[in-house]
Amino acid sequence: MNNSESCAERAVAAAGAGACIGALVGTAVSAFKTPQVLDGPEGVKQVRGAGAAAAAAMPKLTRLVGGNALLFSAVGVSYSMSKCIAEGMMGDRHPLCSAMGGVAAGVALGVHTKKSDGD
């Protein structure tokens, strides 16, 4: 990144990259998580009715892909914005700024999972 790049440009780039990678990960996860069309005891016998089962699974697929895209996008934006704010406070680019961005990205993931260590 060059020094003339603004925080908004970084955030938009991080959001776009995060959404693309998240959609890719969501697609890969859905290949294993979404129930297969021929699952079940009578699945092999009902090959002709497979279209209805696939249509029933589509909302789950959309939510899984979209949810991962949104999560990765939020993590990317939280990292880039926190790093940019830290650079503004320190006055230059420093490895500590990246560490602060990493902490913010970790917090975004922690908020997403809604779990705490104290449980």
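The model shown is predicted, which means the values in this text are computed figures rather than measured ones.

Novice: Is there a simple way to explain the overall build of the protein chain in this structure?
Specialist: Scanning the protein chain from N- to C-terminus turns up three helices and zero strands. Shown N-terminal to C-terminal, the secondary structure of the protein chain runs as helices and strands in the order α-α-α. Within the protein chain, contacts between residues at least 6 apart in sequence are counted, and of these 69% link residues at least 24 apart. As displayed, the protein chain offers around 8,200 Å² of accessible surface, 67% of which is attributable to carbon and sulfur atoms.

Novice: Explanation requested: the side chain of asparagine 68 in the structure shown.
Specialist: Within the fold, asparagine 68 resides in helix H2 (residues 50-90). Apart from the residues lying within four places of it in its own chain, the contact partners of asparagine 68 are Gly22, Val25 and Gly26.

Novice: Just to check I follow, could you spell out helix H3 (residues 95-113) for this structure?
Specialist: Along an α-helix, residues three or four positions apart point the same way, because every turn accommodates 3.6 residues. With 19 residues, H3 ought to run about 27 Å at 1.5 Å a step, and its terminal C-alpha atoms sit 27 Å apart, in line with that. Burial in H3 covers these residues: Cys97, Gly101, Ala104 and Ala105. Down the axis of H3, the sector holding all buried residues measures 100°, keeping them to one side. Along H3, exposed side chains directed more than 90 degrees from the buried face belong to Pro95 and Val103. A positive backbone phi angle near 60° is found at lysine 114, which sits one or two residues after H3.

Conventions adopted
- Residues numbered from 1 in each chain as written.
- Predicted model: local features only at pLDDT ≥ 70, side-chain atom pairs only at ≥ 80, totals over all residues.
- Heavy atoms only, no water.
- Helix = DSSP H or I, 4+ residues; strand = E, 2+ residues; numbered from the N terminus.
- Contact = heavy atoms within 4.5 Å.
- Areas by Shrake-Rupley, 256 points an atom, 1.4 Å probe, with all protein chains shown as cover.
- Expected span 1.5 Å × (residues − 1).
- Buried < 20%, exposed > 50% of the residue type's maximum accessible area, 1.4 Å probe, protein only.
- Arc of directions from axis to C-beta.

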